[in-house]
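Working through the structure, step by step
Now for the letters of each chain:
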2 protein chains.
Amino acid sequence: MSTKNLACIFKKVPKGWPTPGEHLTVEDIGFDLDQDAPENGLIVEVQYLSLDPYMRGRLVGPEAKNYAAPFTLNDPINGGGLAKVLKSNAPDISEGDVIIHHLPFQQYAVVNSKDGKFRKVDAESVGGDIRHWLGALGGPGWTAYASLYAIGKPKKGEMIFISSAAGAVGQVVGELAKREGLKVIGSVGSDEKLDYIIKDLGFDGGWNYKKEDADSALNRLAPDGKIDIYYDNVGAEQLEAAINHLNNYGRIVACGMIADYNREEKYPIRNLMQFIGKRLTMTGFIVSDPQFGGPWKEEHQTNVSKWLKDGSFKGKTHEWVGMEKAPEALIGMWRGENFGKAVLKLAP
Amino acid sequence: MSTKNLACIFKKVPKGWPTPGEHLTVEDIGFDLDQDAPENGLIVEVQYLSLDPYMRGRLVGPEAKNYAAPFTLNDPINGGGLAKVLKSNAPDISEGDVIIHHLPFQQYAVVNSKDGKFRKVDAESVGGDIRHWLGALGGPGWTAYASLYAIGKPKKGEMIFISSAAGAVGQVVGELAKREGLKVIGSVGSDEKLDYIIKDLGFDGGWNYKKEDADSALNRLAPDGKIDIYYDNVGAEQLEAAINHLNNYGRIVACGMIADYNREEKYPIRNLMQFIGKRLTMTGFIVSDPQFGGPWKEEHQTNVSKWLKDGSFKGKTHEWVGMEKAPEALIGMWRGENFGKAVLKLAP
């Protein structure tokens, strides 16, 4: 018997901003809840889906060459998420367990694993809020952790500027940098977020980029208008301003350039000549590359889990609720409407 | 008694291209050849002056913050050069010696040194052409050597693209990269230079940027249109094209961006987003920084001197003759009219 199973489908390749109902649709693809789990596999009900900036790069035609494979047209899109196990045919996994896994954007799914190994998660080990598995302890947290240390090379007393500072990665970078004894300033998209990074996360300063341009804010907030590290989640105007304000030997961690993702004509950067006189370095990265695994990954898991449990690490999550909202939630996330790590909640 | 002593004077800060006679003038500032050399100092006749792209950054107002100090208005400009000793009051230096030193752009000069130490040079130790002391064995050669290895991290079999490949730095980078077993391609500004880098220096390919754009040339010359290292002397369009053609983990050595030096409105770069997906790194540098001294400097001197003597290293020099030509020579060098290392010859 088929149960209703709403899915978010990649229907058409967008140019610029995608439109709900045209490029991304929500459709009932049905699900047979009576079926057995496959060998080494599970039948799950999806609880939370991670909404991440990089997913914009997968809304492209099959011919596109990208580090993340394009989504398949007319199939549900996919990403990281948490799911409750309804049936298990995998060792060590039982009905009722919650797993973190790569999942299709649908309410119910069959999930597979070559060797039947799945990663179980619980709320206790992240201080009570299971959604941290998708945020501070998940991909965004690992991204922040590995890249801040490996590329940013923070030193006590330095000044770091983080764009999209209340976002999933930005807020973790900020909390880590404060722990390392840096001065931390950030840009955000609302006054509420500005309050949050300063009052809750302990940033030394920040600004609402919709009200103040990066250039004047950096003059106002950084000593002599100078910064040592720019952690870039945004690109465009903020990247250009950061280059103007970087000190000699400044580092740019190129994590994301969300301001350009949905722009057909990209923002023109005209000040790269400063790389020479100021000996700047800009490095892009993909956290799943081997150099960020191993020790970085273990250190991130150990430390952030400990800090979440003892309450010394924060991290906010922003929820949209219901698969019907998936296209709007994605677009909202790309527009920066989320306040913290963006997730889509499907079931409690 | 005052002898005629032509000097090249920094007369006015230019916007965009300087004009001979307005921003840079040639004037007789006189010289007393009867004076004695100061303690630890010399009286010299200047033979060759080095003309270098970075000097454009010194033709700015005194308020400008730059890694190289601005030239002083109404004073002769200065730079590296070779000079014949007329009188010496320094230990170990005799009349008739030739030294390499930082010199004012004038025919005769008093030169000082705190401890009286000067570096003597001769033609024999560079294979017969003393001008190599300003080129392959001088600042441009050291620049090429240290940055190619320290930043470019060349690996045998990789593909490097060098812009301004027949220039002072570019030609040395090319010869070094060939020695390391890389595939080497380069852009130049004339068909004669193209012949030179391919036939004389052994480049695997190249193009005249005035006849072909970098994008189509890279498609034509690189396997799958992909390069691993971009050694940038030019910036602007060629930098943008290189970013499009860099492989994953590609490196950009930001040595110079001469295409922007004399442009008031800089070229807009719109493809920095590729830094993330392709994990690119771009690093600017100043060769006089401590990390490029010591071992790099010694290795450069030892190896390049050996190769120049045994004839296995080439390196072309381009001469303008006479102080009267200094402003035109500088502008010609910035326009890329030189074919190899640019020097101004004053006296034999």
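Residues numbered from 1 in each chain as written. Chains lettered and ligands numbered in written order. Predicted model: local features only at pLDDT ≥ 70, side-chain atom pairs only at ≥ 80, totals over all residues. Heavy atoms only, no water.

**Digging into the pairing of strand S6 (residues 78-88) of chain B**
Residues and elements named next belong to chain B. In terms of strand pairing, strand S5 (residues 42-50) meets S6 through seven bridges, oriented antiparallel. Looking at S6, one finds that Glu45 is bridged to Lys84. Bridging between S6 and strand S7 (residues 98-104) involves seven bridges; their strand directions are antiparallel. When the sheet's bridge partners are listed, Ala83 is paired in S7 with Ile99. (Pairing = 2+ DSSP bridges. Helix = DSSP H or I, 4+ residues; strand = E, 2+ residues; numbered from the N terminus.)

**Considering the packing of aromatic side chains**
Scanning the model with the defined rule gives 18 aromatic pairs over all chains in all. Arranged with centres 5.9 Å apart and planes meeting at 25°, the rings of A:Phe31 and A:Tyr108 form a pair that is stacked. Taken together, the positions of A:Phe31 in strand S4 (residues 31-32) and A:Tyr108 in strand S8 (residues 108-111) put the pair 77 residues apart, joining distant regions of the chain. With respect to class, A:Phe31 is no different from A:Tyr108; both count as buried. Look at B:Tyr145 and B:Tyr149: their rings are 5.1 Å apart centre to centre, the planes differ by 50°, and that puts the pair in the tilted class. Of this pair, B:Tyr145 and B:Tyr149 both sit in helix H1 (residues 139-152), four residues apart, which is roughly one turn of the helix. Each member of the pair, B:Tyr145 as well as B:Tyr149, carries the same accessibility label: buried. Clustering of aromatic rings is evident, with ring pairs tying together A:Tyr145, A:Tyr149 and A:Trp296. Sitting over the face of the ring of A:Trp307, A:Arg179 holds its NZ or CZ atom 3.8 Å from the ring centroid. Over the aromatic face of A:Trp17 sits the side chain of A:Arg335, whose NZ or CZ is 3.9 Å from the ring centroid. (Phe/Tyr/Trp six-rings, centres within 6.5 Å; stacked < 30°, edge-to-face > 60°. Buried < 20%, exposed > 50% of the residue type's maximum accessible area, 1.4 Å probe, protein only. Lys NZ or Arg CZ within 6 Å of the ring centre and 35° of its normal.)

**So, the interface of chain A and chain B**
Where the parts come together, the accessible area they lose is often given as the size of the interface. If you look at the interface, chain A gives 29 residues, while chain B gives 29 residues. By the criterion of area lost to chain B, the three top residues of chain A are A:Arg270, A:Met273 and A:Ile276, representing 26% of everything that side buries. Run the count over chain A and chain B and you get four salt bridges. Ionic pairing is found between B:Asp289 and A:Arg279, a salt bridge with its closest N-O pair at 2.7 Å. (Contact = heavy atoms within 4.5 Å. Buried area = accessible area lost by both parts, 1.4 Å probe. Salt bridge = Lys/Arg side-chain N within 4 Å of Asp/Glu carboxyl O.)

**So, the UniProt feature "domain: Enoyl reductase (ER)" (unreviewed entry) in chain A**
Sites flagged by UniProt as "domain: Enoyl reductase (ER)" (unreviewed entry) map to residues 21-344 of chain A. Between the end C-alpha atoms of residues 21-344 of chain A the distance is 18 Å, and the span holds 27% helix and 25% strand. (UniProt positions renumbered as here; feature names shortened; annotations may be inferred.)

**As for the relation of the copies chain A and chain B**
Mapping chain A onto chain B leaves a residual RMSD of 0.0 Å; the transformation is a rotation of 180° accompanied by 0.0 Å of translation along its axis. Taken together, the rotation and translation describe the operation of a two-fold axis. Comparing interface residues between copies, 100% of those in chain A also lie at the interface in chain B; the contact surface is shared. (Least-squares fit on C-alpha atoms with pLDDT ≥ 70 in both.)

**Re the side chain of A:Thr25**
Summarising the element assignment, A:Thr25 is placed in strand S3 (residues 24-28). For A:Thr25, the side chain forms a polar contact with the side chain of A:Glu27, separated by 2.8 Å. (Polar contact = N/O pair within 3.5 Å; in protein donor to acceptor, adjacent residues only side chain to side chain.)

**Observations regarding unusual backbone geometry**
Trans is the prevailing form of peptide bonds, just as negative phi is the prevailing case for residues other than glycine. Residue and element names in this part refer to chain B. Positive phi values are uncommon outside glycine, yet Tyr249 reaches one of about 65°. In this structure, Tyr249 sits in strand S14 (residues 246-254). The residue Arg279 is not glycine, and still its phi comes out positive at about 55°. Structurally, Arg279 is set in the loop between helix H7 (274-277) and strand S15 (281-284). With relative accessibility at 13%, the residue Arg279 sits in the buried group.

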